[in-house]
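If you want the building blocks of each chain, they are given just below.
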Amino acid sequence: MPCPDRNAAKSLLVPILAVTLSLFACKDTAQTVAPAAEEQVATPTFSLAAGAVASQASVTISCATAGASISYSTDGATYSIGASYTITDACTLYAKATKSGYADSAVASAAYTIKDDDPAVVPPIAATGKPDPSTSPDGWAKASGAPTSPGGYGASAANTYSVSTRSAFIDALRCGGSAISDTAKIIYVDGMIDLCADDSDASLDAYDFLTQAGYGGSYPSYEDYQSAYIAGCSSTGVNAAMSAVRSACYARQKNVVVVNIGSNTSILGIGAGSGFKNGRLYINGKTNIVIRNVSVLDAYDYFPAWDYGDSGGMMNSEYDNITIVNAASYIWVDHCSLSDGDRPDSTLPWYSIDGVANAKEWVTHDGLLDVTNGSNYVTISWNVFGDHNKTSLIGGSDSNGGTGSTNDTDKLKVTFHHNYYRDVVQRLPRVRFGQVHVYNNYYSSIGSYAIGVGDRARIYSEANYFDGVAKAFAAYDDASNEGYWYDSGSVGVTGIEMDTAALVGWTPSSYYSYSAETAEAAKASVLAGAGAGKF
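Since we're looking at a predicted model, the values are computed, not measured. (Residues numbered from 1 in each chain as written. Predicted model: local features only at pLDDT ≥ 70, side-chain atom pairs only at ≥ 80, totals over all residues. Heavy atoms only, no water.)

So, about the pattern of salt bridges. As a working rule, side chains carrying opposite charge can pair if their charged atoms are close by. With the rule as written, the count across this model stands at twelve salt bridges. Taking the shortest distance from any N to any O, the salt bridge between R422 and D387 comes out at 3.3 Å. With R422 in strand β31 (residues 420-426) and D387 in strand β28 (residues 384-390), the pair connects residues that are 35 residues apart, well separated along the chain. Note on R422: relative accessible area 26%, which makes it partly exposed. Assessed through its relative accessible area of 30%, D387 is described here as partly exposed. Among the charged side chains, a network of salt bridges with common partners joins R280, E318 and D320. (Salt bridge = Lys/Arg side-chain N within 4 Å of Asp/Glu carboxyl O. Helix = DSSP H or I, 4+ residues; strand = E, 2+ residues; numbered from the N terminus. Buried < 20%, exposed > 50% of the residue type's maximum accessible area, 1.4 Å probe, protein only.)

So, on to the packing of aromatic side chains. Counted according to the given criterion, the structure contains 31 aromatic pairs. For the ring pair F209 and Y302, a centre distance of 6.4 Å and an interplane angle of 45° mean the geometry is tilted. One end of the pair, F209, is in helix α2 (residues 206-212); the other, Y302, is in the loop between β18 (295-297) and β19 (305-307), with 93 residues separating them in the sequence. Of the two residues examined, F209 and Y302, each falls in the buried class. Put simply, the rings of W140, Y330, Y377, Y439, Y460, Y486, W506, Y511, Y512 and Y514 touch in pairs and so form one group of aromatic residues. (Phe/Tyr/Trp six-rings, centres within 6.5 Å; stacked < 30°, edge-to-face > 60°.)

It helps to recall that an α-helix has 3.6 residues per turn; residues three or four apart then point in one direction. Every buried residue of helix α1 (residues 166-173) is listed here: R166, F169, I170, A172 and L173. Here the buried residues of α1 occupy an arc of 160° about the axis, which is enough to place them on one side. The positive-phi residue at the C-terminal boundary of α1 is C175, with phi of around 50°. (Arc of directions from axis to C-beta.)

Another point: the sheet that holds strand β14 (residues 265-269). The strand order across the open sheet formed by ten strands is β8-β9-β14-β17-β22-β27-β30-β33-β36-β39, and the pairing between neighbours is parallel. Two strands in the sheet have a free side with no partner beyond their single neighbour: β8 (160-163) and β39 (484-488). Each strand axis lies, on average, 10° off the axis of its neighbour in the sheet, ignoring direction. (Pairing = 2+ DSSP bridges. Axes fitted to C-alpha atoms, helices over the stretch in contact; angles between N-to-C directions.)

Confidence in the prediction of the chain, expressed as mean pLDDT, is 87, and 84% of residues score 70 or more. Low pLDDT, under 50, characterises residues 1-41; the predicted model gives this stretch 66 contacts beyond four residues in sequence or across chains. Below a pLDDT of 50 lies the segment residues 116-127, which in the model reaches 17 contacts outside its immediate sequence neighbourhood of four places, other chains included. (pLDDT = per-residue confidence, 0-100. Contact = heavy atoms within 4.5 Å.)

A separate point is the environment of G313. Take G313: it is sitting in the loop between β19 and β20 (314-316). As a C-alpha pair, G313 and A359 span 46 residues in sequence and 9.6 Å in three-dimensional space. If we skip the residues at most four places from it in the chain, G313 touches W306, D307, Y308 and K360.

Across its 18 residues, helix α4 (residues 240-257) extends 26 Å between first and last C-alpha, which sits within 8% of the 26 Å expected from 1.5 Å per residue. Burial in α4 covers these residues: M242, V245, R246, C249, Y250, Q253, V256 and V257. Seen from one end, α4 has its buried residues packed into an arc of 125°, which puts them on one side. When the buried face of α4 is taken as reference, the exposed residues oriented beyond 90 degrees from it are A240 and N255. (Expected span 1.5 Å × (residues − 1).)

What follows concerns the sheet that holds strand β23 (residues 337-339). Strands sit in the order β10-β15-β18-β23-β28-β31-β34-β37 across an open sheet of eight strands; the sheet is parallel. Of all strands in the sheet, those bounded by a partner on one side alone are β10 (192-194) and β37 (465-467). Averaged over all pairs of adjacent strands, the angle between their axes in this sheet comes to 20°, without regard to strand direction. As defined by bridge partners, β18 adjoins β23 across three bridges and the pair is classed as parallel. Directly across from S295, in β23, lies its bridge partner S337. Each of β31, β34 (442-446) and β37 touches helix α6 (residues 519-529); the most contacted strand, β37, lies at about 75° to it.

Rendered as structure tokens:
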């Protein structure tokens, strides 16, 4: 029957099947008792029709009666408060709404099964400028044994964050706790975050670290520290006093700029200008991590160390932009831009050591993206690597063979595809031990060599475009531990003599499916689509 209204009689409300679940109820504003149950004429309607849906699909439940409390259940008995439910398994979902002064609405239900679709085919969410968290990696990161949900996909609403400061980013990585968490989490990065900042997000510089370490009074400026440190270096080492100063200041900076990433994490940039500067994303022994659509710039080491035994003596810096280390696995870095930012090493001064003028460079950057110490199942795709020297090292030492958890034998399985290397010098990548697939990349303005073949490397190269590169491939192996490489379909291949596919001993198609373009088509694709903001 119609409900009385003080202005006009209204017709009986009926259920509306729409995109959202709606309950309609009505009430005389002068009425002081709850209407009879039979006056509740509307029932819940689900936002998704019963049937097969994608895993992690969200069902929204809403009610047109203002102030109603919505609840749901998957067993028809135990209800939880909430206006949405994420479907992870086949289920029957029930919903109802309640409000003080009203009888409970009728309960509606719908049965769901899960589609057997590959989430990799889901397109990015272009309308909001965010990569779709359900999108899966390809290449080695999707090989047998890969997690069924990429990164933090499937995270609860409570563990889905949008961050624009270092402090908010750290809190999200901890899921609100006191330590880095392995709980599934999605972190949207909105804007450029300075990782070299204190807990109140005030930027820090070298002199701040000198002061924190207790040496601010000894050195009026960072330049004074540099000069004192250089004066303490020789062909036999660093004097004890300056070594102690550097170590203390280095520890202060490291505690701030190295940000550990937990397992089951998606870090997704919003738009074209989001990311991180002045710090290092550190993936240490963790698994199932996705980093997409961010720029990672200028992992600047204010306190490099003099190593007199390295190549006749040189400054060594500590921080990669992204480090994947110590048996980390199933990692995907996609559509990112990595470089030295506004402070490339090429602009830094040279110093005299042991009376030799301008002999050594004050080096402040290490790699852009390194994979070492038993890490495995990594895909590096659609990135731009620029303005840097030693870009990507796969396998950190000839002596790290063996089968321990952080040793490299039968590890370091990495795919590089559709990356753009421009204005870089070397290590694109340089490989030890690993079964590394390098296809459809574009190389331009390379200072030394592109792909380095190190001890026991097994490199399978396909349809890359080397644009005027003097050494497409260079040998860095030992005669007793040969590395091998094989190429098909690339343009501009130069350097060491190519080995046979049989010597390389593996083919990517035996482990995962992929579709390579021609080298010419790949060049066009990479120029149009690689880097942050182009997912």
